[in-house]
Amino acid sequence: MHFDVFNGDADGIIALLQLRLAEPKSSTLITGVKRDIELLQQVDIKKATSVTVLDISMEKNHQALTNILNNDVEVFYVDHHRAGTIPKSKQLKAIIDTDANTCTSLLVNQHLAGRFVLWAIVAAFGDNMNQAAEQLSAQQGLALNEQAKLKALGTYINYNGYGRSVDDLHFAPAQLFEKLLSYPNPFTLIAEPNSIFSQLEQAYNADMQQACNAEILHDSNVLQIIELENAPWSRRVSGVFGNELANRAPYKAHAVLTLNADNSYLVSLRAPLNNKQGAGDLCVQFETGGGRAAAAGINKLSPENLGKFIEMVSKYYQA
């Protein structure tokens, strides 16, 4: 039995989409909301003959990965997050690149020699890798309006991955992946009436409208913090709103704080776009924190630690 294990955001879904369009395979899907990254422990080692792992931190799944490899199961692992110590095993084929300007779907695109490059562009835009996406778009000769359509699709798919649980999402990530398999070309999906694209577009615009009225908790020349209420729309929009803020003011860091039911904060941190480093290193210093250089998060930040968070982030990015 083969298992496909992947992040539920645009990068994870589209990384797998490219692979399965290139190599169709019957598999058991394991995924979840974007923050649900400790997924490898859900693999049934007794049944697994091979596993593909996409866009989840190897560091956060190290023990489960080791257990799978020790059971003589082949693993293909592609990711751009903190990896920690990569196990040495003949059963493991890993493509790991933590450069702040790449993402898992771009690594898969290279692996497949660009067979589904339009989808890789969608994913790069969705992961806020705008420069890389624009460069690939130019290489493909895409017009600006075509780029805009792919960017919108990537943004909407990424937006769909955020939530406390799958119940917060418009589409369960596994369901969304299976629907996208019918579209080798993303422009076909975009042009289709009443498609996933148009459904997510309407939902995204409604949630973003509410986010634009949110309270500014902190604002300085290096860091802006926005607080969102404890509501499904807040959790859905937290990541893409952080990307939007980062694009508006690329010289400063941004954090979107969404209230949890216990009054702790769900934190989505974006490094300044002109200094894409440090976000993962900062967040990992807090319990339940992690991520990559350009974007990271904390699942539960206590109000008592908010001042410490502001101080650490401000000091790190202070010119």
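See the structure above.
Quick look at the overall build of the protein chain now. Secondary structure summary: the protein chain contains twelve helices and eleven strands in total. Radius of gyration (C-alpha) of the protein chain: 19 Å, near the 20 Å computed for a compact globule of 319 residues. In terms of principal-axis extent, the alpha carbons of the protein chain reach across some 50 × 45 × 35 Å. Across the protein chain, every contact between residues at least 6 apart in sequence was considered, and the portion connecting residues at least 24 apart equals 63%. As displayed, the protein chain offers around 13400 Å² of accessible surface, 46% of which is attributable to carbon and sulfur atoms.

This paragraph deals with the packing of aromatic side chains. All told, the structure shown has six aromatic pairs when counted by the stated rule. Look at Phe-6 and Phe-177: their rings are 5.8 Å apart centre to centre, the planes differ by 50°, and that puts the pair in the tilted class. Separated by 171 residues along the polypeptide, Phe-6 in strand 1 (residues 2–6) and Phe-177 in helix 7 (residues 173–180) bring together distant segments of the chain. Take Phe-6: its relative accessible area is 0%, and that puts it in the buried class. Ring centres of Phe-286 and Phe-309 lie 6.0 Å apart, and the angle between their planes is 65°; on these two criteria the pair is classed as edge-to-face. One end of the pair, Phe-286, is in the loop between helix 11 (279–283) and strand 10 (289–291); the other, Phe-309, is in helix 12 (residues 306–317), with 23 residues separating them in the sequence. Since its relative accessible area comes to 6%, Phe-286 is described here as buried.

Another aspect to go through is the pattern of salt bridges. What the rule picks out here adds up to eleven salt bridges. Salt-bridge contacts for Asp-219 lead to Lys-252; the nearest nitrogen and oxygen are separated by 2.9 Å. Residue Asp-219 is located in strand 6 (residues 215–219), and its partner Lys-252 is located in the loop between helix 10 (232–248) and strand 8 (253–259); the two are separated by 33 residues in the primary sequence. By relative accessible area, Lys-252 is classed as buried at 9%. If you follow the salt bridges from partner to partner, you end up with Glu-59, Arg-82 and Asp-281 in one network.

Another aspect to go through is the nonpolar core. One finds Trp-119, Ile-121, Ile-157 and Leu-180 to be the most contacted residues of the largest nonpolar core, which totals 62 residues. Aside from chain neighbours lying at most four places away, what touches Ile-157 is Ala-10, Ile-13, Ile-14, Trp-119, Val-122, Leu-176, Leu-180 and Leu-200. Counting 24 residues, the second largest nonpolar core, distinct from the first, contains Cys-283, Ile-298, Phe-309 and Met-312.

A few words now on unusual backbone geometry. The phi angle at Asp-55 is positive, at roughly 65°, despite the residue not being glycine. Examined against the element boundaries, Asp-55 turns out to sit in the loop between strand 3 (50–54) and helix 2 (62–70). Despite not being glycine, Asn-194 has its phi angle at roughly 55°, a positive value. When you line up the elements, Asn-194 lands in the loop between helix 8 (186–191) and helix 9 (196–211).

The side chains of a regular strand alternate, residue by residue, between the two faces of the sheet. Burial runs high along strand 9 (residues 265–270): six of the six residues are buried. Residues Tyr-265, Val-267 and Leu-269 point to one face of strand 9 and Leu-266, Ser-268 and Arg-270 to the other, with burial holding for every one of them. For strand 8 and strand 9, the ladder comprises six bridges, and the chain directions are antiparallel. Within the sheet, the bridge partner assigned to Leu-259 lies in strand 9 and is Tyr-265. Turn length for the strand 8-strand 9 hairpin, with the two strands adjacent in sequence and antiparallel, is five residues, and the turn residue Asn-263 shows positive phi of about 75°. Note that strand 9 and strand 11 (residues 295–301) share five bridges and pair antiparallel.

This part takes up the packing of helix 3 (residues 104–111) against helix 4 (residues 117–126). Interaxial distance between helix 3 and helix 4 falls to 8 Å at its minimum, and their mutual angle equals 165°. Regarding the angle of helix 3 to helix 4, the classification is roughly antiparallel. For the crossing formed where helix 3 meets helix 4, the hand is left-handed. Residues Ser-105, Leu-106 and Asn-109 of helix 3 form the contact with helix 4, whose participating residues are Val-117, Ala-120, Ala-123 and Ala-124. Considered class by class, the residues forming the contact of helix 3 with helix 4 number five nonpolar, two polar and no charged.

Spatially, five strands are ordered 2-1-3-4-5 in an open sheet, and the strand pairing comes out parallel. Two strands close off the open sheet at either side, each with one partner strand: strand 2 (28–30) and strand 5 (92–96). If you compare each strand with its neighbour and ignore which way they point, the axes differ by 10° on average. Here strand 1 pairs with strand 3 via five bridges, running parallel. In the sheet register, Asp-4 faces strand 3, and the bridge partner there is Thr-52. Helix 2 contacts strand 3, strand 4 (74–79) and strand 5 of the sheet and is inclined by roughly 150° relative to strand 4. Relative to the sheet, helix 3 contacts strand 3, strand 4 and strand 5, its axis offset from that of strand 4 by approximately 120°.

What counts, and at which threshold
Residues numbered from 1 in each chain as written. Predicted model: local features only at pLDDT ≥ 70, side-chain atom pairs only at ≥ 80, totals over all residues. Heavy atoms only, no water. Helix = DSSP H or I, 4+ residues; strand = E, 2+ residues; numbered from the N terminus. Rg over C-alpha atoms; globule rule 2.2 N^0.38 Å. Contact = heavy atoms within 4.5 Å. Areas by Shrake-Rupley, 256 points an atom, 1.4 Å probe, with all protein chains shown as cover. Phe/Tyr/Trp six-rings, centres within 6.5 Å; stacked < 30°, edge-to-face > 60°. Buried < 20%, exposed > 50% of the residue type's maximum accessible area, 1.4 Å probe, protein only. Salt bridge = Lys/Arg side-chain N within 4 Å of Asp/Glu carboxyl O. Core = buried A, V, L, I, M, F, W, Y, C linked by side-chain atoms within 4.5 Å. Pairing = 2+ DSSP bridges. Axes fitted to C-alpha atoms, helices over the stretch in contact; angles between N-to-C directions. Parallel < 35°, antiparallel > 145°, perpendicular 65-115°, else oblique. Left-handed = near helix turned anticlockwise from the far one by under 90°. Nonpolar A, V, L, I, M, F, W, Y, C, P; charged D, E, K, R; others polar.

Bear in mind that shape data such as this cannot, by itself, settle questions of function.
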